[in-house]
Amino acid sequence: MAEQIPNHRASMAADNTPRTGVIPFLRQFKRRVLSLSVVLIVPCVWHRRIEAGDLASHVYNAWLAQLIAKGQAPGLYIAKQWNNVLFDVTLLRVANLVGFAAAQKIAVSICILVFFWGVFAFIRAITERPPWFLTPCIAVLAYGYSFSMGFMNYHLSLGLACFGLAILWRGKGIDWIGGMAVAAMTLLAHPIGFLWLAGTLAYVKVREKMPGWWKLAPPLAAASSFIALFRYTSHRPLLLADWDRGPFYLYNGADQLALYGKRYFILAGAAFLFGAASVVVDLYARRREGSSWKSFELPSELYAVAFCATALLPENLRPSIHGGWIGVLGSRLTTISAILGLGVLGFLKPRKWHLAGFGVCAVIFFAFLYQDTGWLNRLEANAEKLVADLPAGTRVIVTARGPMDSRIAFIGHAVERACIGHCFSYANYEPASGEFRVRVRKGSLVVASSTDDAEDMASGEYEVDDTDLPLKQIYQCDANDLTKLCIRDLEAGETNGRLSFKLPSR
């Protein structure tokens, strides 16, 4: 009889791990959970400022929301919105209590913990054992591309979606009440997380009821849907869709490790190969077990479907000519691919060399991240010095970019955050996009009301109009030190990026 127990269940029993229940799990592993949680938020406090791309824009717009409430931001207003708002609302509420410096660290730490333990719970639910040996991988993913780009609502939604899937994977009765509550929070954070939760749950439940070869129907239907979306978007010029992100096969989930330069790409490739080798070795070791591959079947299938989605969905598109772009869609979706890839690895028989290999990758990743976020901290410190003496209400345009081999955009938002309490970022893209709570009316003196104008300003391609003046530009002015910033007055008729130069790679 013992030989008939699946491997993952046998391993679970050997670990003496409770099969169900959050409370029993926390009672058994409370010290480990607490220790891991403390270590996880270290990157949130190792510098004075958290550098994560668009995060700085979220903080700056939360400050604008405060000004709107006081009637000090003419032309701006708060829109009622039911998605893409959970992080922003949380940040603003905490900032009202403790100020923005502390609020950022609190709100971002919450996002990191929700994501990490959400992914952990999801893998535990599908494998029926806690994936301790994968904790270095989950920690790296928590600070990966989607986080480092500052997609905070999206990042939070995926963590919540993982919790929802963990609850509902084998949920019964009252579990569905809790799962639906988590799903509602996921939708408040970002619609992609909610769609992934609902789609994955529906996929798994339908697949369970399919007999024999009929189980091929769900993946074929999913692939057909993505092919149809690809054909539709590629034949609709008005959508302005593009797939400009390089070879699709590189976007397999490991790309979430590729951040500020080439060395991250090498690390991402090494991590992917180590994970693939671990699966091959495990399958070979269990080759005499007739159905050993069965445990990998569903997570591998889900991973393949996610990979198909990232390959076929556009990188950027614009549903409305008057609205903002849906940007880096494919690149951010690989976070889901990575989560499902870890789900595949979760079925490995844990070995010490797994933890050692993944641990080495994590240590190298965080060493790189510490160095690069330190560079960004120096950039923002220089921006703070530059704007400290500006008259209140001064309008500025920021043109700042990262090194040429960096994947992380939105470097200029760090300078926008430095404007809090001192100046207005006239190129602030959020209000004009119509995708966030803070919105702008035409003619506002605080921010450009056109998405196209805001994009041109940020890229240095905007022709200054008389109505924009007075207006200043903050820009990088030393090719040998990209953290050095200068400020100047703009004149009508000039292109705001005329002093820009080709930035060198570090």
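As the structure is a computational prediction, the values presented were derived from the model and not from experiment. (Residues numbered from 1 in each chain as written. Predicted model: local features only at pLDDT ≥ 70, side-chain atom pairs only at ≥ 80, totals over all residues. Heavy atoms only, no water.)

Chemist: Is there a simple way to think about the packing of aromatic side chains in this case?
Modeler: Remark: the centre distance and the inter-plane angle together describe each pair of aromatic rings, the angle taken between the planes. Scanning the model with the defined rule gives 27 aromatic pairs in all. Summarising the aromatic geometry, the rings of Tyr 60 and Trp 63 are spaced 5.7 Å apart at their centres and angled 55° between planes, so their arrangement reads as tilted. With Tyr 60 and Trp 63 both in helix 3 (residues 55–69) and three residues apart, this pair spans about one turn of that helix. Taken as a pair, Tyr 60 and Trp 63 share a single burial class, namely buried. Relative to Phe 120, the ring of Phe 116 has its centre 6.5 Å away and its plane inclined at 25°; by these criteria the two rings are stacked. Highlighted residues: Phe 116 and Phe 120, both in helix 5 (residues 100–127), separated by four residues, approximately one helical turn. The residues Phe 116 and Phe 120 share a single accessibility class, namely buried. (Phe/Tyr/Trp six-rings, centres within 6.5 Å; stacked < 30°, edge-to-face > 60°. Helix = DSSP H or I, 4+ residues; strand = E, 2+ residues; numbered from the N terminus. Buried < 20%, exposed > 50% of the residue type's maximum accessible area, 1.4 Å probe, protein only.)

Chemist: What is the right way to look at helix 3 in this model?
Modeler: Helix length check: helix 3, at 15 residues, gives a terminal C-alpha distance of 21 Å against a target of 21 Å (1.5 Å per residue), a fit within 8%. Counting buried positions along helix 3 gives 14 out of 15 residues, so the element sits mostly inside the fold. Phi for Gly 71, located one or two positions after helix 3, is positive at around 75°. (Expected span 1.5 Å × (residues − 1).)

Chemist: How should I be thinking about unusual backbone geometry in this particular structure?
Modeler: Peptide bonds are trans in most cases, and residues, glycine excluded, mostly fall at negative phi. With an omega dihedral of 0°, the bond running from Leu 469 to Pro 470 counts as a cis peptide bond. As for its position among the elements, Pro 470 is in the loop between helix 18 (451–459) and strand 5 (472–476). Phi at Glu 128 is positive, roughly 65°, even though this residue is not glycine. Within the secondary structure layout, Glu 128 lies in the loop between helix 5 and helix 6 (135–142).

Chemist: Sorry if this is basic, but what is going on with the environment of Asp 478 here?
Modeler: Tracing the backbone through its elements, the reader meets Asp 478 in the loop between strand 5 and strand 6 (485–489). Reaching out from Asp 478, the side chain makes a polar contact with the backbone nitrogen of Asn 480 at a distance of 2.9 Å. (Polar contact = N/O pair within 3.5 Å; in protein donor to acceptor, adjacent residues only side chain to side chain.)

Chemist: Mind showing me how you'd approach the sheet that holds strand 3 (residues 423–425) here?
Modeler: The pairing of strands in a sheet happens through backbone hydrogen bonds and is either parallel or antiparallel. Strand order in this open sheet of four strands is 3-2-5-6, and the pairing throughout is mixed. This sheet does not close on itself; its edge strands, each paired only once, are strand 3 and strand 6. For this sheet, the mean angle separating the axes of adjacent strands, direction not counted, is 35°. Bridge count for strand 2 (residues 394–399) against strand 5 is four bridges, and the pairing is parallel. Note that in strand 5 the partner of Val 396 across the bridge is Lys 472. (Pairing = 2+ DSSP bridges. Axes fitted to C-alpha atoms, helices over the stretch in contact; angles between N-to-C directions.)

Chemist: Please explain the pattern of salt bridges as it appears in this structure.
Modeler: For side chains of opposite charge, pairing can occur when their charged atoms come near one another. This model, assessed by the stated rule, comprises 13 salt bridges. A salt bridge links Glu 380 to Arg 417; the shortest N-O distance between them is 2.8 Å. Of this pair, Glu 380 sits in helix 15 (residues 352–387) while Arg 417 sits in helix 16 (residues 413–418), and the two are 37 residues apart along the sequence. Of the residues examined, Glu 380 reaches a relative accessible area of 2% and is grouped as buried. Overall, Arg 417 belongs to the buried group, its relative accessible area being 6%. Here Arg 488 makes a salt bridge to Glu 494, at a shortest N to O gap of 3.0 Å. Judged by relative accessible area, which is 9%, Glu 494 ranks as buried. Residues participating in the shared-partner salt-bridge network are Arg 48, Arg 49 and Glu 384. (Salt bridge = Lys/Arg side-chain N within 4 Å of Asp/Glu carboxyl O.)

Chemist: Help me understand helix 9 (residues 175–189) in this model?
Modeler: Given 3.6 residues per turn, any residue in an α-helix points the same way as the ones three and four places further on. With 15 residues, helix 9 extends 21 Å from end C-alpha to end C-alpha; this agrees with the ideal 21 Å at 1.5 Å per step. If you check which residues of helix 9 are buried, you get Gly 179, Val 182, Ala 183, Thr 186 and Ala 189. Down the axis of helix 9, the buried side of the element spans an arc of 110°, and every buried residue falls inside it. (Arc of directions from axis to C-beta.)

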